[in-house]
Amino acid sequence: MTTSTPKNLLVTGGCGFIGSNFVRYWLAQHTDSNVVVFDKLTYAGRKENLHDLWESPLLSLVVGDIGDMDAVRAACQNNNIDLIVNFAAETHVDQSILGPLVFTDTNVRGTHVLLEVARELGIRLHHISTDEVYGHIKDDHQSVETDELAPRSPYAASKAAADQLVQAYAITYGIPVTITRGANNVGPYQYPEKAVPLFSTNAILGEPLPVYGDGMQMRDYAHVYDHCTGIETVLLKGEIGQVYNVGTGREMTNLEMVDIVLDALGKDHSLVKHVTDRPGHDRRYSMNVDKLKALGWEPKYDPKQAVAEAARWYAENRWWWEPIRSGEFREYYNKQYAERLAGATK
Ligand code: NAD
Ligand code: DAU
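The rules behind the values
- Residues numbered from 1 in each chain as written.
- Chains lettered and ligands numbered in written order.
- Predicted model: local features only at pLDDT ≥ 70, side-chain atom pairs only at ≥ 80, totals over all residues.
- Heavy atoms only, no water.
- Buried < 20%, exposed > 50% of the residue type's maximum accessible area, 1.4 Å probe, protein only.
- Helix = DSSP H or I, 4+ residues; strand = E, 2+ residues; numbered from the N terminus.
- Arc of directions from axis to C-beta.
- Contact = heavy atoms within 4.5 Å.
- Near = heavy atom within 4 Å.
- Polar contact = N/O pair within 3.5 Å; in protein donor to acceptor, adjacent residues only side chain to side chain.
- Areas by Shrake-Rupley, 256 points an atom, 1.4 Å probe, with all protein chains shown as cover.
- Salt bridge = Lys/Arg side-chain N within 4 Å of Asp/Glu carboxyl O.
- Domains from an automatic or database assignment.
- Buried area = accessible area lost by both parts, 1.4 Å probe.
- Nonpolar A, V, L, I, M, F, W, Y, C, P; charged D, E, K, R; others polar.
- Core = buried A, V, L, I, M, F, W, Y, C linked by side-chain atoms within 4.5 Å.
- Axes fitted to C-alpha atoms, helices over the stretch in contact; angles between N-to-C directions.
- Parallel < 35°, antiparallel > 145°, perpendicular 65-115°, else oblique.
- Left-handed = near helix turned anticlockwise from the far one by under 90°.

Before going further, it helps to spend a moment on helix 11 (residues 318–325). Within the sequence span of helix 11, burial applies to Trp320, Trp321, Ile324 and Arg325. For helix 11, the angular spread of the buried residues around the axis is 105°, confining them to a single face. Elements that come into contact with the buried residues of helix 11 comprise helix 6 (195–205), helix 10 (303–316) and helix 12 (329–342).

The full set close to ligand 2 counts 27 residues, and Asp131, Tyr155, Asn184, Arg278 and Tyr337 are the nearest of them. A distance of 2.6 Å separates an oxygen atom of ligand 2 from a polar side-chain atom of tyrosine 155. Separating an oxygen atom of ligand 2 from a side-chain N or O atom of asparagine 254 is a distance of 2.8 Å. Bound to the protein, ligand 2 loses 95% of the 690 Å² it would expose on its own.

According to the stated counting rule, one finds 15 salt bridges in the structure shown. When the shortest N-O distance is used, the salt bridge between lysine 40 and aspartate 65 registers 3.4 Å. One end of the pair, lysine 40, is in the loop between strand 2 (34–39) and strand 3 (59–63); the other, aspartate 65, is in the loop between strand 3 and helix 2 (69–78), and 25 residues separate them in sequence. Across the pair glutamate 116 and arginine 119 runs a salt bridge whose closest N-O atoms are separated by 3.2 Å. One end of the pair, glutamate 116, and the other, arginine 119, are both in helix 4 (residues 101–121), three residues apart, so they sit about a helical turn from each other.

A common way to report how large an interface is uses the accessible area buried once the components associate. We note that the domain assignment places domain 1 (8–186 + 223–246) and domain 2 (195–218 + 252–280 + 303–338) within the chain. Taking the mean C-alpha position of each, domain 1 and domain 2 sit 26 Å from one another. Listed by partner, the interface residues are 14 residues for domain 1 and 17 residues for domain 2. Between domain 1 and domain 2, a total of about 1300 Å² is buried, with carbon and sulfur atoms accounting for 60% of that surface. For domain 1, the biggest contributors to the area lost against domain 2 are Asp94, Leu98 and Val186; these three give 36% of the whole. Counting the contacts that link domain 1 with domain 2 gives one salt bridge. The interface formed by domain 1 and domain 2 holds six residue pairs in polar contact (both at pLDDT 80 or more) in total. In terms of residue count, the dominant contributor to the side of domain 1 that touches domain 2 is helix 3 (residues 93–98) (five residues). Residues that form the side of domain 1 that touches domain 2 fall into these classes: five nonpolar, five polar and four charged.

Turning our attention to the nonpolar core. In terms of nonpolar packing, the biggest core is built from 38 residues, with Phe199, Met257 and Val258 touching the most fellow members. Elements represented by at least two residues in this core include exactly helix 6, strand 8 (209–212), helix 8 (254–265), strand 13 (272–275), helix 10, helix 11 and helix 12. A total of seven residues in this core trace back to one element, the largest contributor, which is helix 10. Once you skip the residues sitting within four places of it in the chain, valine 258 turns out to touch Phe199, Leu209, Val211 and Val272. Membership of the second largest hydrophobic core comes to 24 residues, among which are Ile66, Ala75, Leu165 and Tyr169.

Here the focus is the packing of helix 6 against helix 8. As a packed pair, helix 6 and helix 8 sit with axes 10 Å apart at the nearest point and diverge in direction by 40°. Taken as axis vectors, helix 6 and helix 8 run oblique relative to one another. Where helix 6 crosses over helix 8, the handedness of that crossing is right-handed. For the pair helix 6 and helix 8, the contacting residues are Ala195, Val196, Phe199, Ser200, Ala203 and Ile204 in the first and Met257, Val258, Val261, Leu262 and Leu265 in the second.

On to the side chain of asparagine 21. Relative to the helices and strands, asparagine 21 resides in helix 1 (residues 17–29). A distance of 3.1 Å separates a polar side-chain atom of asparagine 21 from the backbone oxygen of proline 188. Apart from the residues lying within four places of it in its own chain, the contact partners of asparagine 21 are Pro188, Tyr189, Val224 and Cys228.

So, on to unusual backbone geometry. In this structure, leucine 41 takes a positive phi of about 55° despite not being glycine. With respect to the secondary-structure elements, leucine 41 resides in the loop between strand 2 and strand 3. The backbone of asparagine 80 sits at a positive phi, close to 50°, despite the residue not being glycine. Here asparagine 80 falls in the exposed class, since its relative accessible area comes to 59%.

In structure tokens, the structure reads:
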């Protein structure tokens, strides 16, 4: 079964990086749609990510926790919601190593609550999952949607549990769900705890770039725009009950990514510092995206172009990240990097 165009969307986590890019994209493409952003506004959820859109009568914000069933139910009923798109999550692997419990609360229990509301009200749910659920991948393989899940960090384990709950609800209760598993995204409005915005903003400030371990880990750095068009394709043409990988299918090492960032910003490569590795650091993610391509989707950006363009966005949009970097972010940064940078090697 494929689906009709949804009209009233509840976008959870719509003030975060990918959620806000998706809301902007969706409203531009579907001018007869209404979007309700449902967001707890954690440190990563920022109203300014949608600064240019709050005046629109087609967009509104409900501040709430996806773990609060009454609040989610009311938001759906009050707005005649016919689709929930679930971006809401705790998303940073390093934060999940420092403080893992909130990852279970939001990513597992929160998703479970959304499923219960979707079941009760008969609403379709699209869940945003990640390539990290597959674990790290051997050199000769690309993950396909039927591969077993083998998460290796508290973040990835919570996302895998959510992913499996969504599939279990489809099987047990027959509720209409779809899942996309995204690769590493880069682009505008990504919180500067993540590698590309962290390295870009550090380089702009002339601070060292802390590369974990040997920097030979591999990621598919996909432009967030392509993730948004991939999700849209699944929403409009995907088969209910199915899972779709979304990425470019092309990886690079972190050292290659760092070189692109520094070249895009015209900064010196001596800023790179090798620091103590992330515990349990996944060596490689790589996904086969043929299933999504079979629906007519193609990524627009090459990963190299995506990383360079993202780095330049941070150079041109200091208004967005400077208040973040001078605020509560400092405390996290010191906890995560002070000791590492003190023992750094070239
Ligand atoms: P983000 O950290 O930038 O934003 C997360 C958003 O969720 C924030 O707006 C935050 O306030 C909100 N949120 C957190 N807890 C909440 C709760 N309990 N209730 C309501 N809202 C809550 O995240 P992102 O990078 O945009 O990721 C979005 C989704 O995409 C996540 O599900 C993530 O696992 C997935 N994903 C991310 C990437 C990536 O590279 N960033 C790749 C693949 C998949
Ligand atoms: O793959 C999809 C996932 O991508 C998403 O599900 C996650 O929400 C998102 O955070 C991201 O996870 P990663 O751990 O891959 O992304 P991060 O930007 O944290 O790191 C990218 C790579 O860079 C990774 O190999 C770790 C490395 N790194 C990261 C930081 C923050 C460093 O070497 N130094 C750093 O300071």
